[in-house]
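Notes for the structure review
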Amino acid sequence: MIDRIMLKETAASLGITVDDTAAERLDIYARLLVEWNEKMNLTAITDPEGIVLKHFVDSLTALPLLPKTPFSLIDVGTGAGFPGLPLAILRDDMQLTLLDSLNKRLIFLEEVCRAVGVSATRIHARAEEGGRNPDLRDAFDVATARAVAGLPVLCELCLPFVKVGGRFLALKGPDAPREKEEAARAVKTLGGRFAEGAAVTLPNLAAEGGTSERHILVVEKTTVTPQKFPRPNAKKAAPL
């Protein structure tokens with residue numbers, strides 16, 4: 001379905017190696033995404049080029065910021081599996097947990113994981129609930145999130161999952177610098193600090209050769225997040 005050569009070449013331009021086996025597994029993922037999207041609303045992006053660039057390569061931009069040794073990762077509000085599942089396809093030493101509030105998405109992800117050979121724990125819960133679960137709190141080396149909420153809220157939802165010494169990776173668009181400023185107080189309150197992230201430019205074929213600016217913001221967990229966070233209504237509560 002997807003253009004595997006474009007996938008590998010675009011990833012290589014960002015310093016990311018996608019071998020033939022990984023490309024085949026991502027192709028299977030893409031086919032299932034399109035097939036299941038006809039039955040449920042998983043994504044508005046279903047064209048092959050869009051899947052490669054806006055889902056797969058976009059997710060893989062976080063790869064260089066992952067630990068070099070085996071690690072655990074929770075993808076918060078994973079939706080159709082981005083960015084966690086593409087990352088797991090390239091990092092088979094990852095212990096992956098996919099958390100989402102809609103069970104039908106997790107049923108889809110169960111099928112994808114089986115088809116592409118990824119072992120993942122799937123958790124049906126809102127992030128506010130999951131972050132208060134003793135089995136999940138302070139349990140992961142890395143948390144990721146993409147297109148879930150503004151950064152102050154994302155930090156409140158995601159940092160409780162991260163071990164002290166771990167990190168939260170937020171995949172953001174061109175407004176990331178502004179969001180980073182807005183989240184400064186929240187990050188400190190929640191026990192984190194900003195570390196060096198990354199800015200990447202993705203091709204945007206729909207824009208006739210244009211580009212798409214992306215940022216990965218990194219928050220290191222330096223101290224334990226206070227027990228009162230995340231708040232039950234974090235998305236609607238007053239900003240930290």
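In this report, we go over the structure that sits alongside the text. (Residues numbered from 1 in each chain as written. Predicted model: local features only at pLDDT ≥ 70, side-chain atom pairs only at ≥ 80, totals over all residues. Heavy atoms only, no water.)

1. So, the overall build of the chain
Our working rule: By definition, any uninterrupted DSSP run of H or I lasting at least four residues is a helix, any uninterrupted run of E lasting at least two residues is a strand, and each is numbered from the N terminus. Computation of the radius of gyration draws on C-alpha atoms alone. For the globule rule, the value is 2.2 Å times the number of residues to the power 0.38. Buried residues are those whose accessible area, probed at 1.4 Å on protein chains only, stays under 20% of the maximum for their type, while exposed residues exceed 50% and partly exposed ones sit between those limits. Contact between two residues is taken to exist if any of their heavy atoms lie within 4.5 Å; hydrogens are not considered. In short, Shrake-Rupley with a 1.4 Å probe defines the accessible areas, and a residue's cover is counted only from the protein chains shown. Charge convention: Lys and Arg are scored as positive, Asp and Glu as negative, and His as well as the terminal groups of each chain are ignored. Taken as the charge centre is NZ of Lys, CZ of Arg, CG of Asp or CD of Glu, depending on the residue.
Scanning the chain for helices and strands turns up nine helices and seven strands. Computed over the C-alpha atoms, the radius of gyration of the chain is 17 Å, within 12% of the 18 Å expected from 2.2 N^0.38 for a compact globule of 240 residues. For the C-alpha atoms alone, the extent of the chain along its principal axes is close to 45 × 35 × 35 Å. When burial is assessed residue by residue, the chain has 54% of its 240 residues classed as buried. For the chain, the proportion of contacts with a sequence separation of at least 24, taken over those separated by at least 6, is 70%. Of the roughly 10800 Å² that the chain leaves accessible, carbon and sulfur atoms contribute 49%. Considering the chain, the positive charge centre built from 30 side chains and the negative charge centre built from 31 side chains are found 8 Å apart.

2. Quick notes on helix α2 (residues 20-37)
Under the convention used in this document: Expected span of a helix: the number of residues minus one, times 1.5 Å. Here a polar contact is recorded for every N or O atom pair within 3.5 Å, except that within protein the pair must consist of a potential hydrogen donor and a potential acceptor, and residues adjacent in sequence are included only if both atoms are side-chain atoms.
The terminal C-alpha atoms of α2 lie 26 Å apart, and with 18 residues this matches the ideal 26 Å at 1.5 Å per residue to within 8%. Buried-residue contacts for α2 involve α1 (4-13), α3 (48-60), α4 (84-90) and α5 (103-116). At the N-terminal boundary of α2, the capping side chain belongs to D19, with an oxygen 3.2 Å from the backbone nitrogen of T21.

3. Comments concerning the layout of surface pockets
Gaps left between atoms are located by rolling a probe of water-molecule size over the structure's atoms. For clarity, the threshold we go by: Of the two site types, the cavity is a set of points on a 1 Å grid over the protein atoms alone where a 1.4 Å probe fits but cannot get out, and the pocket is an open set with protein on both sides within 12 Å along at least five of seven lines, each lined by residues with an atom within 4 Å of a point. Grid points are joined across faces, edges and corners, and a volume is the space filled by probe spheres set on the points. Residue polarity follows a fixed list, in which Ala, Val, Leu, Ile, Met, Phe, Trp, Tyr, Cys and Pro are nonpolar, Asp, Glu, Lys and Arg are charged, and the others, Gly among them, are polar.
Looking at the largest pocket, its volume works out to about 570 Å³. Lining the largest pocket are 31 residues, and of these G77, G79, R146, A147 and V148 sit closest to its centre. When residues of the lining of the largest pocket are traced back to their parent elements, those giving at least two are α3, β2 (94-100), α6 (127-130) and β5 (162-172). Among the elements that take part in the lining of the largest pocket, α3 stands out by supplying three residues, more than any other. Grouping the amino acids of the lining of the largest pocket by side-chain chemistry returns 13 nonpolar, eight polar and 10 charged.

4. Section: the packing of α1 against α2
Threshold: Each axis is a line fitted through C-alpha atoms, taken for helices only over the stretch in contact, and angles between the N-to-C directions span 0 to 180 degrees. We call two directions roughly parallel when the angle between them is under 35 degrees, roughly antiparallel when it is over 145, roughly perpendicular when it lies between 65 and 115, and oblique otherwise. The crossing is said to be left-handed when, going from far helix to near helix, the turn is anticlockwise and less than a right angle, and right-handed when the turn is clockwise.
Viewed as axis vectors pointing N to C, α1 and α2 meet at an angle of 120°, and their least axial separation amounts to 10 Å. In terms of orientation, α1 lies oblique with respect to α2. In terms of crossing hand, the pair formed by α1 and α2 is right-handed. Of the residues in α2, those in contact with R4, L7 and K8 of α1 are D20, A23, E24, L26 and D27. Here the contact of α1 with α2 is composed, by residue class, of three nonpolar, no polar and five charged.

5. Details of the pairing of β5
The cut-off we apply is this: Only when DSSP finds a minimum of two bridges between them are two strands counted as paired. Crossover handedness is defined by viewing with both strands directed away from the observer: a clockwise path from the first strand over the helix to the second marks the crossover as right-handed.
Examined bridge by bridge, strand β4 (residues 140-146) and β5 share six bridges and lie parallel to one another. Bridge pairing in β5 links V142 to R167. In terms of handedness, the path from β4 via helix α7 (residues 151-158) over to β5 forms a crossover that is right-handed.

6. Points about the nonpolar core
Condition: To define a nonpolar core, start from buried Ala, Val, Leu, Ile, Met, Phe, Trp, Tyr and Cys residues and group those joined through side-chain atoms within 4.5 Å.
By size, the foremost hydrophobic cluster in this structure holds 53 residues, and its most contacted members are V18, Y29 and F108. With eight residues, α2 is the largest single contributor of residues to this core. Y29 has contacts with F56, A80, G81, F82, L85, P86, I89, F108, L109, V112 and V116, leaving out every residue within four places of it along the chain. By size, the runner-up hydrophobic cluster in this structure holds 32 residues, among which are V76, L136, A143 and L151.

7. Remarks on the state of the cysteines
Under the convention used in this document: For the purposes of this analysis, a disulfide is any pair of cysteine sulfur atoms at a distance within 2.5 Å.
All told, the structure shown has zero disulfides when counted by the stated rule. Note on C155: no disulfide assigned, nearest cysteine sulfur contributed by C158 at a separation of 7.6 Å.

8. A short note on the side chain of S72
Tracing the backbone shows S72 in strand β1 (residues 71-76). Look at S72 and you get buried, because its relative accessible area is 9%. Dropping the residues within four chain positions of it, S72 is found in contact with Q95, A139, F140, D141 and V142.

9. A word on the pattern of salt bridges
The condition is simple: We count a salt bridge whenever a side-chain nitrogen from Lys or Arg sits within 4 Å of a carboxyl oxygen from Asp or Glu.
Within the structure shown, the criterion is met by 19 salt bridges. Note that D141 and K163 form a salt bridge whose closest N and O atoms lie 3.4 Å from each other. One end of the pair, D141, is in strand β4; the other, K163, is in strand β5, with 22 residues separating them in the sequence. With relative accessibility at 24%, the residue D141 sits in the partly exposed group. Relative accessible area serves as the criterion here: at 31%, K163 is assigned to the partly exposed category. The network of salt bridges with common partners includes E110, E111, R114 and R122.

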